[in-house]
Amino acid sequence: MATAETQDLSTPEDIKKAYDDLTKEEEDCKKELDLLLSRHCQLDAKVRGITKVLPNLQVVHSDSLQLAEMLTFISTLAENVSAKVRQLDNARSRVSECQQRVHDLLDLQLCSDGVTAALASDDYEKAAAHVHRFLTMDQSQLEQTADDMQQDCATVSNSLSLLRTAAGQLQNIITLRFNEAVTADDLASVERFFKLFPLLNMHDYGLEKFSAFLCSKLKVTALKNLQNAQKTTTSDKRANVIYADTLTLLFEEIARVVEIHQPLVETYYGFGKLHKVVSLLQQECDRQSRLVLTEFGKQRLLERRVALIHELERSTAQPATTATGIVDPREVDQLLGEITIMHSRYHLYLRFIRRRVTNDLEVGVTDMAARTEHQDKLEKMIQDSELCRRMQELLSIYLQLERFYMFQSVNKAVAMDSVEAGSNVSSMVDDIFFIVRKCIRRAASTGNLDGVCAVINNACAALETEVCPALKQQLRLGYPSGYLDLTQAYNVMIQGRLQPSDSEQARNTFLVYLNNADVSCEYVTTLCRGLCQEIPVNSQQERAKLDSCLAGLGTVTASMGAIVDYGLQQLRVSAIKPRVAPWVDTFLSLSHHLTEEEFSSYEANEPFIRNLIANLDSLLSEFKKTLTPANCDALVGILVSEVTSQMEKVISKSEFNRLGGLALDKEVRSLVSYLNSATSWSVRDKCARLTQITTVLNLERVAEISDYWGVEAGAMPWRLTANEVKQFMALRTDFRSEDIRRLKL
């Protein structure tokens, strides 16, 4: 209302606008009043509830005040009690400290008297125990106590001086006695004095000296084993792996030393110290393994053999037989076996060392960061060791020798290929894949995944560059075409162009190599699946690396499959097409414009389809005896395609009436049934066009095609186009061309 009064109402429009505003404001006020009135009952109920609660609120208020007073009292009381407890705890701590000082003073005198008597009687264990008790005391506190106790100052000071002197004297004596025991090779005395070092706070010194003693024993044993290996003659049954045995004995000796003395170290020096002993043992292992591997390379002529292999690989004109004469693959095979044993024992040794040190650190080092640091140092020590470097170099040599052995053996298997009686594959297939599998599994036994992947890649290269060309070269010679009748074969034989035995041998060789390619595909697939399960991996990264290498075997399978397809096409051109075409062409010599009598006679005699099926069965019988099941099925597929194609051609050159179409339908059904029984898979899809052609030619009237067109019979779509349907319908002499042209398909 105030707003309306302040407005300028000089014009009717202003008055009307002010009136509208007032009216709207009045309506809003009315709605708000109606809302408040509607909530009147709820507000009354809440007010009544509050009125009932008010007396209780007074009680709660008084109780809360009383509770606050009680809490204040309890807090004050607790503060007073805790202050007294703190005083008692402080007093207890002082009493405990006083008791400890008293005990230390008493033990100080006992240790002073005891160490003197023990040294006099050469009882070093007891003397070390007294010194150890003295070293665990807080000497600054003892000196302070001596200052506080004027009357006993001289006694305490003398005891401290005596024990310090005794500690230094005992350290010198123990060190001297330990060295004498080492010189005398007295293991019992060595262990006796080794146990005393930690009592004198000489932990690191004791571990270092004891590890040096163990290394000296290890050195003597390793040199003795190496000398025995050098004396081994070729007649010894272990002569071929004597250096692998020598290296294995070195690793076993280190493992035995660790296993025997680990409890001693953990008992007297505590957990978490084993890695120091292992570090020194590893240094000695580097020195002794260097001697073994150097002698191994010298006796096995590694450098000379590798140099000869490199020379042969660079000389492309060098024949494989010459290579075999210089570097005998049989000797290389034995050498590879010895290197494999070395690597497998090396990785077994590393697993033992890692497991022992890791278990020791887990017990002795509770700090995760410190434990990780020690483990990292262990791994760095292993990776930087000379043994690791030498084994990597040996692995490189192994891979070169393995590649040479694989390629030479594969080439030899190809060169010595032969076919046994009753076999449909030659010897090269089993020989080659035995070699490949042997090489890969031998590499897997080394425990080095990188080496395994390298050998797998070599196997892929050998199969693709040596085996595949050998198979394709033989198939490229072609399949000698068979003769359609005896007269032609006789004429060729008389002319001296080809002896029957030569032709038969060439055909058998072609089929055997076609089978070789098919069986090789199967072997590669089986090999890949087996390696995926047999080769162990420790991480997802290693699994990805292995899968990447195994993918190369998939490429080999594709190459072998391409060779099989090439050979089958050779068969199609040489053996299938030249025979099928004349057999199917006899269809043209028969009339398909039949009367009822001719149809009955045609149906009873089956002049075309019976001969065709007999010829096809005879043709397949020739190959079923020699081809593998997979190749035989593939050949049937080619035969089906060729027969249907030829049938489609001769049908398009013929004319039919209703009975002729019906006869054709029965012939095609018989043909499809036979072809379907000749293979392990259905030929229905390959015969779809031919079947649909017979459907078109078997119609009673032109319009009936509408009942079939566009309808998928048993999920089999129409393979004929609309124009092709009309073209084949035009072969029916009883169909008018005008009706065919009017069809809308």
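In what follows, the structure referred to is the one given above.
Residues numbered from 1 in each chain as written. Predicted model: local features only at pLDDT ≥ 70, side-chain atom pairs only at ≥ 80, totals over all residues. Heavy atoms only, no water.

**Some details on the packing of aromatic side chains**
Taken as a whole and judged by the stated rule, the model has 14 aromatic pairs. Summarising the aromatic geometry, the rings of phenylalanine 197 and tyrosine 205 are spaced 5.6 Å apart at their centres and angled 70° between planes, so their arrangement reads as edge-to-face. Looking at phenylalanine 197, the relative accessible area reads 0%, which means it is buried. Ring centres of phenylalanine 587 and phenylalanine 608 lie 5.1 Å apart, and the angle between their planes is 75°; this geometry places the pair in the edge-to-face category. Here phenylalanine 587, found in the loop between helix H20 (540–585) and helix H21 (596–605), pairs with phenylalanine 608, found in the loop between H21 and helix H22 (609–624); they are 21 residues apart in sequence, far enough to count as distant. (Phe/Tyr/Trp six-rings, centres within 6.5 Å; stacked < 30°, edge-to-face > 60°. Buried < 20%, exposed > 50% of the residue type's maximum accessible area, 1.4 Å probe, protein only. Helix = DSSP H or I, 4+ residues; strand = E, 2+ residues; numbered from the N terminus.)

**Details of the side chain of arginine 442**
Secondary-structure assignment places arginine 442 in helix H16 (residues 427–444). Not counting residues up to four positions away in its chain, the partners in contact with arginine 442 are Asp333, Leu336, Gly337, Thr340, Tyr398, Glu402 and Tyr405. (Contact = heavy atoms within 4.5 Å.)

**Regarding the packing of helix H24 (residues 658–677) against helix H25 (residues 688–697)**
At a closest axis distance of 8 Å, the pairing of H24 and H25 adopts a crossing angle of 160°. Taken together, the axis directions place H24 and H25 in an arrangement best described as roughly antiparallel. Taken as a pair, H24 and H25 cross one another with a handedness that is left-handed. Residues Gly661, Leu664, Asp665, Val668, Leu671 and Val672 of H24 pack against Leu690, Thr691, Thr694 and Leu697 of H25. Its residues assigned to classes, the contact of H24 with H25 shows 6 nonpolar, 3 polar and 1 charged. (Axes fitted to C-alpha atoms, helices over the stretch in contact; angles between N-to-C directions. Parallel < 35°, antiparallel > 145°, perpendicular 65-115°, else oblique. Left-handed = near helix turned anticlockwise from the far one by under 90°. Nonpolar A, V, L, I, M, F, W, Y, C, P; charged D, E, K, R; others polar.)

**Section: a nonpolar patch on the surface**
Taken together, Leu67, Met70, Leu71, Phe73, Ile74, Leu77, Val81 and Val85 make up a surface patch of nonpolar side chains, about 770 Å² in accessible area. The residue leucine 67 is located in helix H3 (residues 40–120) in this model. Among the residues examined, leucine 67 registers a relative accessible area of 47% and is labelled partly exposed. (Patch = residues over 30% accessible without salt bridge, like charges linked within 9 Å, V, L, I, M, F, W, Y side chains within 5 Å. Areas by Shrake-Rupley, 256 points an atom, 1.4 Å probe, with all protein chains shown as cover. Salt bridge = Lys/Arg side-chain N within 4 Å of Asp/Glu carboxyl O.)

So far we have only geometry, and geometry alone does not tell us how the molecule works.
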